[in-house]
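# Structural overview for review
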Amino acid sequence: MTEVTPSDGHRAPKSPNISFEFFPPKTEEMERSLWETITRLAPLAPNFVSVTYGAGGSTRERTHSTIARILKETALTPAAHLTCVGASRADIDEVVARYHAIGVRHIVALRGDPATGIGTSYVAHPDGYKTSADLVAGIKKRYPDIEVSVSAYPEKHPESADFDADIDMLKAKVDAGADRAITQVFFDNDLYLRYLDRVRKRGIDIPVVPGIMPMHNFKQARSFVTRAGTTVPDWLAEKFEGLDDDPDTRKLVAATVAAGQVQKLAKRGVDTFHFYTMNRADLVFAISHLLGIRPNGAQKAA
């Protein structure tokens, strides 16, 4: 699990390594909000920040422009999401070439959801990469200096027949050259720990980084994650009962729940976490603070 990174001289030795996920903005207002979030979180010195890629490549140019701006205006290391959906190999190879040309050296390679929506059958582009493992291999063959992260599913991918088939797919991605796996969001730590045990028994030794989502808006988040196959435990739903019209208290509960989840994983030896920020800084910054992660130049409180 350990990912060794050079010390920056500011972070406490035992503080976890972190990374953040953003999505490309659709409007000028969302653009301002995203950059306020990036400005707020950048001093926490994440290992990298990733920018998502919309269904069917619908945000291709916005993802690229966001990545380019991160490279130009910050010291952050960006990771560009890329999917196989709705594009030929030539088109995808061109996207990778553009990223490589501007200095991107980390891609999150995904098959992507069916263009017809989650729950429908996936149909590969006739001239495209068929699976995420194929995409990983294509990237690594042409650009071996690009680091590639892939997805992992503690509760099994919704389309996989069983856990063995699911882990077979992860193994194929690793064999193709994947450097790291980042999990789908989960709320029961035992699911992740059991999954990690299965993965290690298959001889997969790359980092499998837990994906953590603070629930800014519980109802919306639950609807989103359950469509992707994540279980929302009853105990978690109960913590948000009666808070639909109380965003301030909901925020405090969300920060407490996510911080508790990460702290419990840390006690089990997990030292690297990926936060799905939903383009908001407040909860992720607070959780990072509780984990002992301080902005560059600040000292950990005694």
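See the structure shown above.
This write-up is about the structure you can find in this document. Model, not experiment: these values are computed from the prediction.

### Here's the deal with the overall build of the chain
The helix and strand tally for the chain stands at 10 helices and nine strands. Taking contacts inside the chain between residues at least 6 apart in sequence as the whole, the part at least 24 apart equals 77%. Of the roughly 14,300 Å² of accessible surface on the chain, 51% is carried by carbon and sulfur atoms.

### What about helix α2 (residues 60–73)?
Taking 1.5 Å per residue, 14 residues should reach 20 Å; α2 reaches 20 Å between its end C-alpha atoms and fits that length. Close packing links the buried residues of α2 with α1 (28–41), β2 (49–51), β3 (78–83) and α3 (89–102).

### A short note on the pairing of strand β6 (residues 180–183)
Of the two faces of β6, the one carrying Arg180 and Ile182 and the one carrying Ala181 and Thr183 are both buried. Where strand β5 (residues 147–152) lies against β6, four bridges are found, and the strand directions are parallel. Bridging from a neighbouring strand, Ala152 pairs with Thr183 of β6. Read from β5 through helix α5 (residues 163–175) to β6, the crossover connection turns out right-handed. Here β6 runs beside strand β7 (residues 208–209); their pairing, made up of two bridges, is parallel. Within β7, the position partnered with Ala181 by the bridge is Val208. Crossover connection from β6 via helix α6 (residues 189–201) to parallel β7: handedness right-handed.

### Overview of unusual backbone geometry
Here Lys156, not a glycine, exhibits a phi torsion of approximately 75°, which is positive. Secondary-structure assignment places Lys156 in the loop between β5 and α5. When its relative accessible area of 21% is taken as the criterion, Lys156 is described as partly exposed. The phi torsion at Met278 lies on the positive side, around 55°, for a residue other than glycine. Along the chain, Met278 falls in the loop between β9 (272–276) and α10 (282–290). In this structure Met278 comes out as partly exposed when scored by relative accessible area, which is 39%.

Criteria and thresholds
- Residues numbered from 1 in each chain as written.
- Predicted model: local features only at pLDDT ≥ 70, side-chain atom pairs only at ≥ 80, totals over all residues.
- Heavy atoms only, no water.
- Helix = DSSP H or I, 4+ residues; strand = E, 2+ residues; numbered from the N terminus.
- Contact = heavy atoms within 4.5 Å.
- Areas by Shrake-Rupley, 256 points an atom, 1.4 Å probe, with all protein chains shown as cover.
- Expected span 1.5 Å × (residues − 1).
- Buried < 20%, exposed > 50% of the residue type's maximum accessible area, 1.4 Å probe, protein only.
- Pairing = 2+ DSSP bridges.
- Right-handed = clockwise from strand over helix to strand, strands pointing away.

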